[in-house]
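One-letter residues, chain by chain:
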Amino acid sequence: MVEMGVLKEGSTFVQLDLVSYLSQDIYHGALVPLLSATVGLAWLARSRPTSGGPEKLPANFRAFEWSYFSVWALCAAADWLQGPYTYALYEAYGFSPAEIAQLFVVGYGSSLVFGCFVGSFTDRYGR
């Protein structure tokens, strides 16, 4: 169900209901199932107390957790902000859209492949 309305001074807006929004294309349609799967897997992966009672954490662990995640979120946000400019940079250097797509696929693919084992390799053999 699509409703048209007037915002102000003649400009219009379109109000979509949830079904119309989710059925726009595959990306919108995958939103709810993937979000549900993520929440379900996070629920299954949570730490559970052992049979001897609740798990005891160090006294200052929550403070460490908040400081770690706040810095991580800042770094992740900075990385996400550079994404749109990377495409424009490649375009300014004269790369075609197909070549830029290949660069992105190779970059993310190498992160996928090497990210799975490089961390454990450096933990085992040192830096």
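Heads up: the structure comes first, above all this text.
Predicted model, so just to flag it, every value in this text is computed and none were measured. (Residues numbered from 1 in each chain as written. Predicted model: local features only at pLDDT ≥ 70, side-chain atom pairs only at ≥ 80, totals over all residues. Heavy atoms only, no water.)

Asker: Whenever I open this one, the overall build of the protein confuses me. Can you help?
Answerer: When helices and strands are tallied, the protein shows six helices and two strands. Its helices and strands taken in sequence order, the protein reads β-β-α-α-α-α-α-α from the N to the C terminus. Among the 127 residues that make up the protein, the fraction classed as buried is 3%. Once local pairs closer than 6 in sequence are excluded, the contacts in the protein between residues at least 24 apart make up 0%. (Helix = DSSP H or I, 4+ residues; strand = E, 2+ residues; numbered from the N terminus. Buried < 20%, exposed > 50% of the residue type's maximum accessible area, 1.4 Å probe, protein only. Contact = heavy atoms within 4.5 Å.)

Asker: I'm lost on the side chain of H28 in this one. Help?
Answerer: Among the structural elements, H28 can be located in helix 2 (residues 26-29). Of the polar contacts made by the side chain of H28, one reaches the side chain of D25; its length is 2.7 Å. Setting aside anything within four residues of it in sequence, one finds H28 in contact with Y21 and L22. (Polar contact = N/O pair within 3.5 Å; in protein donor to acceptor, adjacent residues only side chain to side chain.)

Asker: In this structure, what is going on with the pattern of salt bridges? I would like to understand it.
Answerer: Any two side chains of opposite charge can pair, so long as their charged atoms come close to each other. Summed over the entire model, instances satisfying the criterion amount to one salt bridge. R62 serves as the salt-bridge partner of E65, at 2.7 Å between the closest nitrogen and oxygen. Placement of the pair is E65 and R62 together in helix 4 (residues 61-92), with a separation of three residues, close to one helical turn. Relative accessible area serves as the criterion here: at 23%, E65 is assigned to the partly exposed category. (Salt bridge = Lys/Arg side-chain N within 4 Å of Asp/Glu carboxyl O.)

Limitation: the analysis is restricted to geometry and does not speak to function.
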